[in-house]
Each structure stands twice: as structure tokens, then as C-alpha cells.
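Letter by letter, the chains look like this.
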There are 2 protein chains.
Amino acid sequence: MILYFSPLACSMATRIAFYEAGVDAAYVQVDTKKKRTETGVDFLTINPLGQVPALATDDGLTITENAAILQYVADRFPAARLAPPPESAERVRLHQWLCFIGTELHKSLFVALLDAKAPADARAYALEKETSRLGLLEAHLAGREFLLERYSVADAYLVTILNWSAVTPVNLSRFPAVKAYAARLRSRPAIARAFAVEIALYEKERTRELRT
Amino acid sequence: MILYFSPLACSMATRIAFYEAGVDAAYVQVDTKKKRTETGVDFLTINPLGQVPALATDDGLTITENAAILQYVADRFPAARLAPPPESAERVRLHQWLCFIGTELHKSLFVALLDAKAPADARAYALEKETSRLGLLEAHLAGREFLLERYSVADAYLVTILNWSAVTPVNLSRFPAVKAYAARLRSRPAIARAFAVEIALYEKERTRELRT
């Protein structure tokens, strides 16, 4: 299985899932600006949108979109218990949280804030969503360990996204339960390992960019 | 089962799914500006984000987020065949398309364009995504009847979203396969019926707003 990723992008959630499941996947880094893989392949031939993650499975499928890839990995390695059983009430909640993280946090709140080329008004428009979206999360996470009854791929996705607050005006200190959740999750071995690997790759990428 | 909806909003996809499955649901209209239901209930007590759809199930669950609700309805009424079987390769594709529609079309492209209060630069920033997102859809739908091998709740969601092009600068004429798909789907009985009902409710709502 090959995961096409970019350091600290939302593709890190799938790396975390692989680490949790003890799966030996191949990781191919993508330059999402030049749309090329580190192996020299035009990434648009793999995902026409040029976005990570994309997952090439052993059965020859290429899957895009985080919610689809994360559920695929969870269902492919059920022993790791990364998702509630299909058709259970908890799986419905997994769908709900994956959708919320993808639409309300990732796309509505963070995308413009992470994009250096986004106009100031587009950034301000995105930031207007901080209070309601993170407020909902704050109310949900107060007194809870995970988004669902137990750890799932939704947590891997959320901890990846919350990390972006470090380089945007999103202020987690206003949401203490969310902040504590993110810190707690980052001490999980699979998550700590994924951050260590991707922070090192991210810094290497930045150094390369500064040189060119 | 109660569907909380607003006319022609993305909640219409669930109405279509109910019509397809022949399910007698209750429909409660929400004033998404005042955050009140037509029955006088504070809608924020049902969905703290104040967004439709929300679905109250017969088992006492309240589900939010379109991708979660649509899969719940499909799985609850399997005879209607509105989703591929759980854990099949086609279900992975369903996850992928529901995620694409929710993140890339609904949130990234349409939300700012539908929001009269969005600043001009935020609207322009959203519209930059038209070519790549609808271009991907154009390439996929050329020569295909549905998003998946057969009709699914993803089509119900997509036809609902594409209708918004009528009141935004999104120009479907640039994407003939997408335009033909939308027109074709709108002749399906369940979809035609849902549009007829919600267009009438939408016009009634607008008349009421103009009077007040």
C-alpha cells in the first residue's frame, strides 16, 4: 500500500492509522506546489485535484478524500479497532465526526488561513467560524477522552488538523478541553511517532524551499 | 423519523432519499436565520451549529452532517438500494464522493457564494475553485449515468448542490456532462417530486421574508 502524503498535511491522519494498526505501508512524499512526487511522477495523474492524501491499495484501487481513506484503512485492519463496526450507531457517529472535521474545520475554518495567497477578507471570513465550530467541539470533548466512545480514526484526523492552529490565528487557548485533548492525544505512541517523523520532513522541506 | 430541513438547502438530499425508499418521514422546516423551527422550537437545541439537515431517528438518535444522515437512511432501508453494501469497494467510492461533494463543492465552492454577507474577496476566492472541482466532476461524469455504478445517495446530494448554480456565478454550461447529468437526474420521479415540493416552500418563505 502506498500513501501519498505531504508533511503535517491532513494525510498524516492515515500515517497515524497505519502506525496504530502496525501496518508496513510505503510513504511517498508529494510536493503539493509543484504537483510532483519525490519519485518524479506527475501527481495530477494520481489525484487530478493535486491534493494529499491519496492511497494506492494492494488491490489496485486509488482512493482519495480523507474520510474514505481512513475508513478503508480501519475496515481493512479490523483487529486494530480504529472504527466502530459498520452499520452500528457508533459508525453513524464516526461518519458524523469525519464529516464535521472535513467540512467545518478543515475546509471552512483552516484552508484559507493556511493559504498564503488567500486574500485578507477570505481569511477573516474563515476565522469568523472559529467560535461556533471549536465551541461545539469544546462542549463535546469536555469530560470525554475521545470523539467516540473509544479511540478511532476520527481522533487521528482531528489531532492532525488541530496542529495547524500553531501556524494560523486559531487560538486553542480559548477552548481548554480541545487543547487538553490535543495534548493528551499527542502522547499516544503512534501519534507521537507520526509527529516526530513528519515534523522532521516538514523542516527538511522548508530548508530546501528557502535555498531555492 | 423527523427531518429538520430548509427549502432547497442540502437537507433536500435526505428528502429525496426518503422518497426513493418510500418512507413516510415527518418534515419540520427550520428558519436558519432565526434558528427556529416552524413549530417554535429553538433549533440550536437540536443542532448547536444551527445547520440543516438534522435527523431525529425512531431510536432517539439525533444525527447531523449530510454524509452521516444519507448513509444512515440508506442503511436503514436497504431494499431501496441507495448505497453499496458496507465494506464493499463501491462503498469506499461512496465515502469518497460524499466527502468530495461536502468538502470541495459544498463548503469550498458554494458556501461563500450563497452567503449575501460574505465579502467580495471571499466570494472570488471560492469561485477560483470552480474550474478544478467541476472539471474533475466533468471528467468523471462524461459517459456515466451516476457517480457510482448505480444510483446512490451521493447522486441525491450532488443534484441538490448543483441546483445552487442557478443563484450563484457558478456556470454549469462550461461543464456539459455535469449539466446533462443534473438535467437527467431531475427527471427521476423522487427527485422531481422533491424539487416541486421544496421550490414551492422556498417561494413561500421568500414571500414571507419580503413582507416582513
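Our subject is the structure that appears above.
Residues numbered from 1 in each chain as written. Chains lettered and ligands numbered in written order. Predicted model: local features only at pLDDT ≥ 70, side-chain atom pairs only at ≥ 80, totals over all residues. Heavy atoms only, no water.

(A) Representation of the packing of helix α3 (residues 89-114) of chain A against helix α6 (residues 153-162) of chain A within the structure. Residue and element names in this part refer to chain A. Running from N to C, α3 and α6 point in directions that differ by 15°, and their axes come no closer than 9 Å. Comparing their axes, α6 and α3 come out roughly parallel. Helix-helix and strand crossings are classified by hand; for α3 and α6 the assignment is left-handed. Contacts from Leu94, Trp97, Leu98, Ile101, Gly102, Leu105, His106 and Phe110 of α3 reach α6 at Val153, Ala154, Tyr157, Leu158 and Ile161. Counted by class, the contact of α3 with α6 contains 11 nonpolar, 2 polar and no charged residues. (Axes fitted to C-alpha atoms, helices over the stretch in contact; angles between N-to-C directions. Helix = DSSP H or I, 4+ residues; strand = E, 2+ residues; numbered from the N terminus. Parallel < 35°, antiparallel > 145°, perpendicular 65-115°, else oblique. Left-handed = near helix turned anticlockwise from the far one by under 90°. Contact = heavy atoms within 4.5 Å. Nonpolar A, V, L, I, M, F, W, Y, C, P; charged D, E, K, R; others polar.)

(B) Spatial organisation of the pattern of salt bridges. This structure, assessed with the given rule, holds 14 salt bridges over all chains. Between A:Arg188 and A:Glu20 there is a salt bridge, and its shortest N-O distance comes to 3.1 Å. With a gap of 168 residues between them, A:Arg188 in the loop between α7 (176-185) and α8 (189-211) and A:Glu20 in helix α1 (residues 12-21) connect regions that are remote in the sequence. Judged by relative accessible area, which is 25%, A:Arg188 ranks as partly exposed. On the basis of relative accessibility, which here comes to 23%, the residue A:Glu20 falls in the partly exposed class. Ionic pairing is found between A:Glu104 and A:Arg133, a salt bridge with its closest N-O pair at 2.8 Å. Of the two residues, A:Glu104 is situated in helix α3 and A:Arg133 in helix α5 (residues 130-141); the sequence distance between them amounts to 29 residues. In this structure A:Arg133 comes out as buried when scored by relative accessible area, which is 10%. Among the charged side chains, a salt-bridge network with shared partners connects A:Glu104, A:Arg133 and B:Lys107. (Salt bridge = Lys/Arg side-chain N within 4 Å of Asp/Glu carboxyl O. Buried < 20%, exposed > 50% of the residue type's maximum accessible area, 1.4 Å probe, protein only.)

(C) Up close: the relation of the copies chain B and chain A. If you rotate chain B by 180° and push it 0.0 Å along the axis, it lands on chain A with an RMSD of 0.0 Å. Taken together, the rotation angle and the small translation identify this as a two-fold axis. Closest to the rotation axis within chain B is the C-alpha of B:Ala122, separated from it by 2.0 Å. Most of the interface of chain B is mirrored in chain A: 100% of its interface residues are interface residues there too. (Least-squares fit on C-alpha atoms with pLDDT ≥ 70 in both.)

(D) Quick look at the packing of aromatic side chains. Residue and element names in this part refer to chain A. Using the criterion set out here, one finds 14 aromatic pairs over all chains in the structure. Measuring from ring centre to ring centre gives 6.4 Å for Phe18 and Tyr27, while their planes differ by 80°; the resulting arrangement is edge-to-face. A relative accessible area of 0% means that Phe18 is categorised as buried. According to the relative accessible area criterion, Tyr27 is partly exposed, its value standing at 22%. With a centroid separation of 5.7 Å and 75° between ring planes, the pair formed by Phe146 and Tyr151 is classed as edge-to-face. Side by side, Phe146 and Tyr151 carry an identical accessibility label, which is buried. Three or more aromatic residues link up through ring pairs in this structure, and these residues are Phe5, Phe18, Tyr19 and Tyr27. Over the aromatic face of Phe5 sits the side chain of Arg15, whose NZ or CZ is 4.8 Å from the ring centroid. For the cation-ring pair, Arg188 lies above Tyr151, with the distance from its terminal atom to the ring centre recorded as 3.5 Å. (Phe/Tyr/Trp six-rings, centres within 6.5 Å; stacked < 30°, edge-to-face > 60°. Lys NZ or Arg CZ within 6 Å of the ring centre and 35° of its normal.)

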